[in-house]
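# Understanding the architecture of this molecule
Each chain, written out:
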Amino acid sequence: MRTQSKFMWWLSSLFFSLAPILAQSAEPVARIGEGTHLYLRCNTTSWDVSEVNRLKTGAQNFLRELTFEVKETWMTQGGDDCVLTETPERNAWGAWQNYYGAHLPTLRVPDSAWLRVQADSAENMVFRVRFPALGRYRFVLNTRDGYFSFHRTTPPKAGEVTWTLPGNLMSDAQGQLFLSSPYPQNSLSLVDGNSGLLLWTYQAATAFSVHGNCSTQNTAFITQQGRVVAVSKQTGREIWSTDLNGDLQGEHGYLTCYPSQGQMYLSYGAERTTIVSLAPTTGKVLWAWVAPASAGVLGIDGRQVFISGQQDAKAMFVVLSLVEGRELWKANPGTGYFSLAPDGSLFLVDGAWLTAMEPATGRALWTYAAQQNEPISLSFEQNGLYVHERTRISSIDKRNGRIVWAHDYQALAAQNPHAQILKTGVVLVQALDHAARVSRQIALNCWTGHVLWEREETGTGSFVSEVNQQETWLINGKTIQAIAPWTGVVRWRFVLNSAAPSEGIMNVLEQDKNTVYVAYGLAGSQYPPMGVLALDRKTGALNWQSWLDASLSRVAGDAHTLILNAGHHGSTKALKK
């Protein structure tokens, strides 16, 4: 994303991103404003219909806009009530009126929302708008695509929103951004991350799911009721679609893909799942296999496809040949389950027992019994095999099942210890002494098991946040610390300045060359209100702070912009770095 001049920012803010409608009626919003007049009626603009609040044509004929000033402090606190009104007369009520609201009850400026179609009166269409401060704002309505935006008229500073979108974005396997609009519009749009503009929109026939992990450089894939569709990323046009000769009628399938190996599998059917191998470039059916129960693709290894599922409340496992879909072998592990390592190694976990299996035949290669005779779990980080017991972690040689090293932390048994393998190659054991309000950490070398360092600190519990293999952050309440993972040295510590007991550091969203972007907010709810802290990567000093008053999740980012989904099915906000 490139740095924009003030003029280019102003121009792109007029367009925002051209997103489709998410109306809350049985029919999509028709093209409004054609041969009629539109008015933004609020306390701040006027409840009459006049030149003061009439929308003017923007840079494109499908854009309508209004610039106005917020002068009352209460509009920045409780918010202002607004409704969009359409009449056939200029600056007059005319013979009829249409009223439009928002798909969100409250907009937190800068923000966007889909148009909501008139129900039976203007009162039912009223939506609330909360302005961050006094000053001048611009309202922009996209009449073609059925959404509107509120934003400031001044160019954004660091930490301020550069563009918004209604609804949440997703990023696919190639990092490209998509806006998926559900019923009644049922459309998929490719989004330009620099400006938030839509590059194209594909109109689906029914409600659909987009499978970002299946995307290739040139193609996106969606499933809708009765059909699988491949869409060109360059044009938004359909490349191919299939209904499996009618077999998908009434079904909504799920795709599992391995793009680097050119493999795509469609699963459909609840009680007896059918798994179909499709050619990603043509949609041609290569083979199909019907499971005796509900099942799905667990993984592939280049020669076999591994299927796991449930039959009669017990685990089911089947291995098929990748080329033909022929059944090679199957197993019913009962209460156990199969786990597939990234390198294709296959393991059966059953209580305290671990068995390595030959993928092609199902033959047992070796068996390992946990030392504590309790249920175990596995992890495969750093290309290893680690067995997790309640107070013990062991590194196991995948070739023969022998213990490479083991570390017992029985002394921490009363403090609910748990171990995780970090991206840096450090095994971090953490435990919390609730009575003493002390959090303890033990760091081990994942290859040798040697203890690297131990430390403890006061607090209600710590957790690790990682972005890549270079740095580790330890978060404890209002505090975030940059830790040198191999030495335990604290490089810097930042404490959130907040009097609210429930407000604290949530997680690290992203890091770039000079800055760490951290989410903070109020804990205690499913979708807690949150904001962003920009901290200096070397010192932990606060560069800027932005409160967005919505739950946040990262979508994408680069040197200039951090793109976040704000709120559950709420909106997308791009912050200037």
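Residues numbered from 1 in each chain as written. Predicted model: local features only at pLDDT ≥ 70, side-chain atom pairs only at ≥ 80, totals over all residues. Heavy atoms only, no water.

### Remarks on the nonpolar core
Which entries qualify depends on this criterion: The term nonpolar core refers to a set of buried residues drawn from Ala, Val, Leu, Ile, Met, Phe, Trp, Tyr and Cys, joined through side-chain atoms within 4.5 Å. Throughout, exposure labels follow a simple rule: accessible area from a 1.4 Å probe, protein chains only, divided by the maximum for the residue type, with under 20% read as buried, over 50% as exposed, and the rest as partly exposed. Helix and strand labels come from DSSP, where a helix needs a run of H or I of at least four residues and a strand needs a run of E of at least two; each type is numbered from the N terminus. Pairs of residues are marked as contacts when any of their non-hydrogen atoms sit within 4.5 Å.
Ranked by size, the top nonpolar core spans 26 residues in total, and within it Leu-40, Phe-68, Phe-131, Phe-139, Leu-141, Phe-148 and Phe-150 carry the most contacts. Counting residues per element, the ones that place at least two in this core are strand S1 (37-42), strand S3 (63-70), strand S4 (80-87), strand S5 (98-102), strand S7 (111-116), strand S8 (127-130), strand S9 (135-142) and strand S10 (147-152). The contacts of Phe-150, once residues within four sequence positions are left out, are Leu-40, Phe-68, Leu-107, Val-109, Pro-110, Asp-111, Phe-127, Val-129, Phe-131, Arg-138 and Phe-139. With 16 residues, the next largest nonpolar core counts Met-506, Val-532, Leu-552 and Ala-566 among its residues.

### Some remarks on the side chain of Thr-164
Which entries qualify depends on this criterion: For the purposes of these results, a polar contact is taken to be a pair of N or O atoms within 3.5 Å, where, inside protein, one atom must be able to donate a hydrogen and its partner to accept one; residues adjacent in sequence count only when each atom of the pair is a side-chain atom.
Of note, Thr-164 is situated in strand S11 (residues 161-166). Exposure remark for Thr-164: the relative accessible area of 0% places this residue in the buried category. A polar atom in the side chain of Thr-164 sits 2.4 Å from the side chain of Ser-112.

### Brief notes about the sheet that holds strand S40 (residues 463-465)
We apply this condition: Two strands form a pair only when DSSP identifies at least two bridges running between them. Axis definition: a line fitted to C-alpha atoms, over the contacting stretch in the case of helices. Angles run 0 to 180 degrees between N-to-C directions.
Strands sit in the order S40-S41-S42-S43 across an open sheet of four strands; the sheet is antiparallel. Here the strands that pair on one side only, and so sit at the sheet edges, are S40 and strand S43 (490-495). Pairwise comparison of adjacent strand axes, ignoring direction, gives a mean angle of 25° for this sheet. Sheet topology places strand S42 (residues 479-483) next to S43; five bridges connect them, and they run antiparallel. The residue of S43 that forms the bridge with Ile-483 is Val-490.

### Brief notes about the packing of aromatic side chains
We count it as follows: Classification of ring pairs rests on two measures: the distance between centres of Phe, Tyr or Trp rings, Trp counted by its six-membered ring, which must be within 6.5 Å, and the angle between planes, read as stacked under 30 degrees, edge-to-face over 60 and tilted in between.
Following the criterion strictly, the structure yields 23 aromatic pairs and no others. On the basis of an interplanar angle of 85° and a centroid distance of 6.2 Å, the ring pair of Phe-131 and Phe-150 is categorised as edge-to-face. With a gap of 19 residues between them, Phe-131 in the loop between S8 and S9 and Phe-150 in strand S10 connect regions that are remote in the sequence. This pair shows no difference in class: Phe-131 is buried, exactly as Phe-150 is. Put simply, the rings of Phe-68, Phe-127, Phe-131, Tyr-137, Phe-139, Phe-148 and Phe-150 pair up and form one aromatic cluster.

### Description of the environment of Tyr-265
In this structure, Tyr-265 sits in strand S21 (residues 263-268). On a C-alpha basis, the gap between Tyr-265 and Leu-286 in space is 9.9 Å, while along the polypeptide they are 21 residues apart. If we skip the residues at most four places from it in the chain, Tyr-265 touches Tyr-254, Leu-255, Thr-256, Tyr-258, Ile-275, Val-276, Ser-277, Trp-287, Val-297, Ile-300, Val-305 and Leu-322. Only 2.8 Å separates the side chain of Tyr-265 from the side chain of Gln-263, close enough to count as a polar contact.

### Section: the state of the cysteines
One way to say it: the disulfide is the covalent bond shared by the sulfur atoms of two cysteines. Note the cut-off: Throughout, disulfides are identified as pairs of cysteine sulfur atoms within 2.5 Å of each other.
Enumeration according to the criterion identifies two disulfides in this entry. Covalent S-S linkage joins Cys-214 and Cys-257, the inter-sulfur distance amounting to 2.0 Å. Because the torsion about its S-S bond is 85°, the bridge between Cys-214 and Cys-257 counts as right-handed. With Cys-214 in the loop between strand S16 (208-210) and strand S17 (219-224) and Cys-257 in strand S20 (residues 254-258), this residue pair connects regions lying 43 residues apart in the sequence. You'll find Cys-214 and Cys-257 in the same group, each marked buried.

### Comments concerning the pattern of salt bridges
Should their charged atoms come close, side chains of opposite charge can pair. To keep it simple, the criterion reads: Salt bridges are defined by distance alone: a side-chain nitrogen of Lys or Arg within 4 Å of a carboxyl oxygen of Asp or Glu.
Throughout the structure, instances matching the rule amount to 24 salt bridges. The shortest N-O distance in the salt bridge between Arg-363 and Glu-358 comes to 3.2 Å. In this structure Arg-363 comes out as partly exposed when scored by relative accessible area, which is 47%. Note that Arg-440 is salt-bridged to Asp-433, the shortest N-O span being 3.7 Å. Several salt bridges converge on common partners, so that one network encompasses Glu-51, Arg-54, Lys-56 and Arg-90.

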